[in-house]
Amino acid sequence: MLGALLLLSATAGQAVADDGRSDVRLVYCLADEHRDELRDAALQLDVVRRPLGPAGGADAVRVPGPQGGVMSLDDWADKHRGDFERVCDAVLAAAGDPPGASADKGGSGGLGGFLDGVYLLAAGAALTLVGQMTERISAERRTRDRQLAAAVQEFRRIAWLYLTAYEQDPETDHAEALRAREALSQLLVQVPGPAPRREAARRLADSLPLTNRLPGSREGQPLLPRQRKSEADAVRTTLDLQTREVADLRRPAPLWWLPGARGSDRPTSAGGPHA
C-alpha cells in the first residue's frame, strides 16, 4: 500500500514540476528583455514567418497553416505551446550563462533556482499526502481494533452469564447472547485484507457459538444438570479459543503472509458451533 502511495505521490510531484517548468518558460522567454531573442529564434527555426506590413504590432509573427495567421508572441505562445516551448528551449540553451547558473555560483537563482523550488514544493506536497493517508489508515485501524476488542469482551461477558443461567434453567432467555454474537460477527466480516486474514475472520464469524439457545433435552429426555454443565463448558472452551483467534486477527497485515499465520492452519475449536 505504501509503495502505491509513494508512486502516486511521485507522479503528482512530477506533474507539478512539469507545469512549473512550462510556467518558467513563459515568464523568461516572454519577458521584455527576451522577446526579441524569442522572435528571432522562431524565425530562424522557421516555426513562424514575418508578417507582411505593420499588422499585429512590433513583435507580431505570422504562423503558417490552417490554425495560423498573424498574432502576437503572447498569443502564439498560448495557441502553439509545443512550438513555443521548443523555441524557448533553444533560446535558453543558446544563452552564454543560462538562467540558474548563478545559483551554482552562489547567486540568487534564476530558472534553476525556481525549478529547485518547484521540485522541493512537489516533494513536500507528496510527503504531506503520504503522511496524511498513512495517518488516516492508522486511525481507522486503531478504531477497528478497539471496536473488535470491545465486541469480543461483550460477547464473552453475556455468553458467560447465559451459560451460567442455562446450567440452572435450560429455558433461560437467549436473546441477549444472540444480539452480542451478531454484533461481533458483523465486525469480523469487515476485517480487511490480506486475503488469508479476511478468510480466517469470516470462518471465525461463521463458527461463533450460540446461534440458538442450548438444548434442554435430547431424544425426548430432559438434560440433567451435569449434562447441561457439559454443554456449557464446551461453549466456554470454544469461546476461549476464539478469543485468541480474534487477537491474532489484529496482528499487522504483513504477518499474515508468513507461514503458520493463516487461520486455516488451526485445529477446529473444541465444541464447534452450537445450534
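Treat the numbers as computed from the prediction; the structure is a model and nothing was measured.

Cut-off values and rules
- Residues numbered from 1 in each chain as written.
- Predicted model: local features only at pLDDT ≥ 70, side-chain atom pairs only at ≥ 80, totals over all residues.
- Heavy atoms only, no water.
- Helix = DSSP H or I, 4+ residues; strand = E, 2+ residues; numbered from the N terminus.
- Buried < 20%, exposed > 50% of the residue type's maximum accessible area, 1.4 Å probe, protein only.
- Contact = heavy atoms within 4.5 Å.
- Areas by Shrake-Rupley, 256 points an atom, 1.4 Å probe, with all protein chains shown as cover.
- Salt bridge = Lys/Arg side-chain N within 4 Å of Asp/Glu carboxyl O.

Within the chain, the regular secondary structure consists of 9 helices and 4 strands. Secondary structure elements of the chain occur, N-terminal to C-terminal, as α-α-β-β-α-α-α-α-α-α-β-β-α. Within the chain, buried positions represent 36% of all 275 residues. The contacts of the chain with a sequence gap of at least 6 include a subset with a gap of at least 24, amounting to 64%. Accessible surface for the chain amounts to roughly 15800 Å². Of this, 55% is attributable to carbon and sulfur atoms.

Relative to the elements of secondary structure, G69 occurs in strand β2 (residues 69-71). Between the alpha carbons of G69 and R49 there is a distance of 9.7 Å; along the sequence they are 20 residues apart.

The next point concerns the pattern of salt bridges. Across all of its chains, the model carries 12 salt bridges by this definition. Residues R236 and E167 are paired through a salt bridge, measuring 2.8 Å at the closest nitrogen-oxygen approach. With R236 in helix α9 (residues 225-249) and E167 in helix α6 (residues 111-168), this residue pair connects regions lying 69 residues apart in the sequence. The pair R236 / E167 is uniform in exposure class, with both members buried. Close ionic contact of R236 with D233 constitutes a salt bridge, the shortest N to O distance being 2.8 Å. Taken together, the residues span about one helical turn, with R236 and D233 both in helix α9 at a distance of 3 residues. A network of salt bridges, in which partner residues are shared, links E154, R157, E176 and R179.

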